[in-house]
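Notes for the structure review
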Amino acid sequence: MDQSKSLKQLRNDYKEHGVFYTDPKLAEIIKQIIPVDVKEVYDPTCGSGALLSAFGDDVVKYGQELNPRQAEETQKALKNAHIVAGDTLLEPAFLDKKFRGIVANPPFSVSWEPGKIAGYDARFIAAPCLPPRSRADYAFLLHILYMLSDDGVAACLGFPGILYRGQREGKIREWLVRINVIEEVHHIPGGFFDDTNIATCLIVMKKNRGDWNTIRFVDVEHGLSRNVPISEIEGNGFNLSVSSYVMPPGPEKSPFDARTTELQAHEDIIVRLKKEIDFSKRVALIEGWDLDKILIRRLKDLINSY
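Since this is a predicted model, take the numbers as computed values, not measurements.

**Concerning the packing of aromatic side chains**
The final tally for this structure, using the stated rule, is 7 aromatic pairs. A centroid spacing of 6.4 Å and a plane angle of 50° characterise the contact between Phe 108 and Phe 159, whose relative ring orientation is tilted. Taken together, the residues Phe 108 in the loop between strand 4 (99-104) and helix 4 (137-147) and Phe 159 in the loop between strand 5 (148-158) and helix 5 (167-178) connect sequence positions 51 residues apart. The class for Phe 108 is buried, based on a relative accessible area of 8%. These aromatic residues form a ring-pair network of at least three members: Tyr 42, Tyr 62, Phe 94 and Phe 99.

So this is what it looks like as structure tokens:
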């Protein structure tokens with residue numbers, strides 16, 4: 001098997017486990033969220049380095065990748081980079097550092113082993129609970145929050161379900177809102193990944209937001225945004241789905257044409273009246289009645305009155 005074919009197989013294996021390769025256009029969008037003067041940028045699930053490669057060669061790139069072979073390829077492909085192989089959640093690298101810029105596209109809703117996390121793990125100890133074993137999405141978010149510097153910005157892609165799913169994830173989401181670290185939530189339409197056409201979301205986190213009491217919701221598909229008060233989000237059960245706060249425009253209505261509408265109404269009256277007269281005519285023939293005396297004359301008199 002040649003190397004190109006083996007990498008293709010690796011990519012297919014990743015797809016089966018919720019890992020999707022980030023489109024360069026989407027990587028550029030995410031880059032714009034990060035402060036322009038960052039000297040270092042970190043990706044905890046860097047894969048092939050698509051997000052890190054959006055930054056210039058002068059920016060030092062730190063990344064961790066589960067698959068050793070992919071980590072080796074990424075290290076070779078990127079300049080000014082430090083790529084480590086290993087499980088970010090269980091064997092995190094670079095814990096001695098904090099980053100002003102973090103970008104991430106973690107695997108969507110994969111299982112993990114919370115039982116292997118030490119009870120004193122600083123990344124998770126402040127959260128109200130650990131994420132469920134069946135879904136590691138919020139484990140990655142909590143890891144990213146821990147690695148973020150006090151003046152930094154993190155932009156993390158995710159499956160839209162993390163914005164509304166309940167139970168443990170709902171408790172952690174509420175806690176993140178209450179401690180005021182969620183800056184923005186973006187709806188990303190399908191079409192940005194080669195591997196899948198599903199829509200995704202982008203959560204932007206920032207520490208030390210001060211007294212800022214809103215979260216900005218952005219509908220990338222329709223170019224709409226809105227700053228939503230935390231009180232409204234609380235009243236909505238801490239649901240962070242963009243569609244709950246930003247409504248895309250409905251289909252454009254045709255202008256009202258009074259003449260056409262009225263003429264159609266006249267046509268409907270005539271059709272309905274003809275059916276009624278035809279029915280009365282059949283009854284009159286059966287019963288031997290004079291239709292002119294019992295109906296037609298009255299209709300003529302009614303019309304003449306107008």
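**A look at the nonpolar core**
Within the largest apolar cluster, 48 residues are counted, with the highest numbers of intra-cluster contacts made by Ile 182, Ile 215, Phe 217, Ile 233 and Leu 240. With 8 residues, the top contributor of residues to this core is helix 4. Excluding residues that lie within four positions of it along the chain, Ile 182 makes contacts with Leu 176, Val 177, Ile 203, Val 204, Arg 209, Ile 215 and Leu 240. Membership of the second largest hydrophobic core comes to 23 residues, among which are Val 38, Val 103, Val 153 and Leu 202.

**With respect to the packing of helix 4 against helix 5**
Running from N to C, helix 4 and helix 5 cross one another at 25°; their axes reach a closest spacing of 10 Å. Our classification of the angle between helix 4 and helix 5 gives roughly parallel. Helix 5 is crossed by helix 4, and the crossing has left-handed handedness. Each of Asp 137, Tyr 138, Leu 142 and Leu 145 in helix 4 lies in contact with helix 5, whose residues at this interface are Glu 169, Ile 172, Arg 173, Trp 175 and Leu 176. Here the contact of helix 4 with helix 5 is composed, by residue class, of 6 nonpolar, no polar and 3 charged.

**Section: the pattern of salt bridges**
Pairing is possible between side chains that carry opposite charge, provided their charged atoms lie close to one another. Applying the stated criterion to the full structure yields 14 salt bridges. Residue Glu 169 pairs with Arg 165 through a salt bridge whose shortest N-O separation is 2.7 Å. In terms of burial, Glu 169 and Arg 165 fall into one category: buried. Linking Glu 183 and Arg 209 is a salt bridge whose minimum nitrogen-to-oxygen distance equals 2.7 Å. Here Glu 183, found in strand 6 (residues 182-188), pairs with Arg 209, found in the loop between strand 7 (200-206) and strand 8 (214-219); they are 26 residues apart in sequence, far enough to count as distant. Judged by its relative accessible area of 21%, Glu 183 falls in the partly exposed class. Each of Arg 135, Asp 137, Arg 165 and Glu 169 takes part in one network of salt bridges that share partners.

**Looking at the environment of Ile 203**
Structurally, Ile 203 is set in strand 7. Looking at Ile 203, the relative accessible area reads 4%, which means it is buried. When the C-alpha positions of Ile 203 and Ala 104 are compared, they lie 10.0 Å apart, and in sequence the two are 99 residues distant. Aside from chain neighbours lying at most four places away, what touches Ile 203 is Leu 141, Ala 154, Ala 155, Cys 156, Ile 162, Leu 163, Ile 182 and Glu 184.

How each quantity is defined
Residues numbered from 1 in each chain as written. Predicted model: local features only at pLDDT ≥ 70, side-chain atom pairs only at ≥ 80, totals over all residues. Heavy atoms only, no water. Phe/Tyr/Trp six-rings, centres within 6.5 Å; stacked < 30°, edge-to-face > 60°. Helix = DSSP H or I, 4+ residues; strand = E, 2+ residues; numbered from the N terminus. Buried < 20%, exposed > 50% of the residue type's maximum accessible area, 1.4 Å probe, protein only. Core = buried A, V, L, I, M, F, W, Y, C linked by side-chain atoms within 4.5 Å. Contact = heavy atoms within 4.5 Å. Axes fitted to C-alpha atoms, helices over the stretch in contact; angles between N-to-C directions. Parallel < 35°, antiparallel > 145°, perpendicular 65-115°, else oblique. Left-handed = near helix turned anticlockwise from the far one by under 90°. Nonpolar A, V, L, I, M, F, W, Y, C, P; charged D, E, K, R; others polar. Salt bridge = Lys/Arg side-chain N within 4 Å of Asp/Glu carboxyl O.

By themselves these figures say nothing about function.
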